[in-house]
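Fold and geometry: a report
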Amino acid sequence: MIKESLHILRKEMRVDSAPFRHAMRAAIAITVAVIASRFLGLRHAMWLPVSVIVIMRPSVGGTLRLGWRRLWGTVLGASLGVGILILDPGVKILAGLIVLSFFLVILLRVYNYTAFSCALTTGVILLLGIFFVDGWQFGVERVLDTVLGVAIGVAASFGVWPNMARKNLRQKMADLIHAQSVHFEKLSESYLSGGVSESELVTSRIAASQKLDECAEAFREACAEPGLRSWQRDNLTRLIRVFGRMHSLLIAMSTIIRRGYGGPLPAIADGMQNVLMMTQQHYAWLETYALESEHCEIHPDFENTVNEFMLAVGDARVRGDFEDVPLERRNNVSAFIWNIRSLGGEIARAGRRLCELRYGREESS
């Protein structure tokens, strides 16, 4: 453990390293915050550097997004706390409201950072209001500290090795598409031959889910940065929704495989294998297109392959090849085919969204 940590530390100790730059950026911002809190003579000198520490993120968009949410949450929480103290409801009611506030802090922390900041600020101000006569003044100081902390953090993000989140979107998307492609490949192998263990499927699904979360966060950070037009932000939002639907289809396919009704029917096994191979090629095309659209090969004809396969399925049904197949297995195969077709459609839609982002709506249409 220690050796690994030391190895990572030595590896990242260079000026062109993103973690090194972020650490230096944060260190400078925190130092400025400490000096400012001393210079201004703030009663709670720690609040200012803590605000800087909390909002600082490796990208400009991440800092802007989190800083804005923290600012709104603090202003709302301080207003609520000061308003309650002015009403002077009594110690018992204040104690109950404090318990409620910190309960909401734990509950909302995962779901909404603005609400979390609001509940935390309200609880802190009410708690201080019990012990100090001028407790309402802490609300004003809390807002001032947060405003200064956000300003210092944002200034450091723009002024010291600024790292725009949108510059990393291509790699983030390619990593996500690759993770989904690996998971789809294992699903296909499991469906055709059953040669993949459940643990391998779960591992690849978790990896794809983690990449989806990372990509979604990068998209949200990019949307918070200046320089993007409204239609570009809309397309980024729509694109991450497409990736989310692709992931949901992969989960549905995994569920179908776990039902254990058997793989593809013998009459359509070859066609099914061709469709799965074409989907894999479709994924590979999208990964390349996400990284370098200028040198990408021609879009695979997925729709034509699926249509030919559906014609073969229709012919097999006419010949009566499915008559002796149990209804559960037929439904399972139909659901699997529907998910593959939907997945191919979402991959094509993702390609169109990427084209719109790079060349505009008119050229992509």
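All figures in this text were calculated on a predicted structure; none of them were measured in a lab.

**Describing the layout of surface pockets**
Where empty space is left in the structure can be found by rolling a water-sized probe over the atoms. The calculated volume of the largest pocket comes to roughly 430 Å³. Along its surface, the largest pocket is lined by 19 residues, and R57, S59, E217, A218 and E221 are the ones closest to its centre. Looking at the lining of the largest pocket element by element, the count peaks at five residues for helix α9 (residues 198-224). Of the residues assigned to the lining of the largest pocket, the class counts are five nonpolar, five polar and nine charged. Reported here for the second largest pocket is a volume of approximately 270 Å³. As for the second largest pocket, its lining consists of R166, L169, R170, M173, F219, L228, Q232, L236, L354, L357 and R358. Split by residue class, the lining of the second largest pocket holds seven nonpolar, one polar and three charged.

**Section: the environment of V15**
Tracing the chain through its elements places V15 in the loop between α1 (2-12) and α2 (18-40). Once you skip the residues sitting within four places of it in the chain, V15 turns out to touch F20, R21 and W161.

**Here's the deal with the side chain of H282**
Inspection of the secondary structure assignment puts H282 in helix α11 (residues 269-291). Relative accessible area serves as the criterion here: at 1%, H282 is assigned to the buried category. Those residues in contact with H282, other than ones at most four positions away along the chain, are H299, P300, F302, G344, I347 and A348.

**Quick notes on the packing of helix α8 (residues 169-193) against helix α10 (residues 230-258)**
The geometry of α8 relative to α10 is characterised by a closest axis approach of 10 Å and an angle of 15° between their N-to-C directions. By the angle between their directions, the pair α8 and α10 is classed as roughly parallel. The interaxial crossing formed by α8 with α10 has left-handed handedness. Seen from α8, the contacting residues are L169, M173, L176, I177, Q180, H183, F184, L187, S190 and Y191; seen from α10, they are L236, L239, F243, M246, H247, L250, M253, S254 and I257. Taken together, the residues of the contact of α8 with α10 sort by class into 14 nonpolar, five polar and no charged.

So, how was this worked out
Residues numbered from 1 in each chain as written. Predicted model: local features only at pLDDT ≥ 70, side-chain atom pairs only at ≥ 80, totals over all residues. Heavy atoms only, no water. 1 Å grid on protein atoms, 1.4 Å probe; cavity = no way out; pocket = protein on both sides within 12 Å on 5 of 7 lines; lining within 4 Å. Points joined across faces, edges and corners; volume = space filled by probe spheres on them. Helix = DSSP H or I, 4+ residues; strand = E, 2+ residues; numbered from the N terminus. Nonpolar A, V, L, I, M, F, W, Y, C, P; charged D, E, K, R; others polar. Contact = heavy atoms within 4.5 Å. Buried < 20%, exposed > 50% of the residue type's maximum accessible area, 1.4 Å probe, protein only. Axes fitted to C-alpha atoms, helices over the stretch in contact; angles between N-to-C directions. Parallel < 35°, antiparallel > 145°, perpendicular 65-115°, else oblique. Left-handed = near helix turned anticlockwise from the far one by under 90°.

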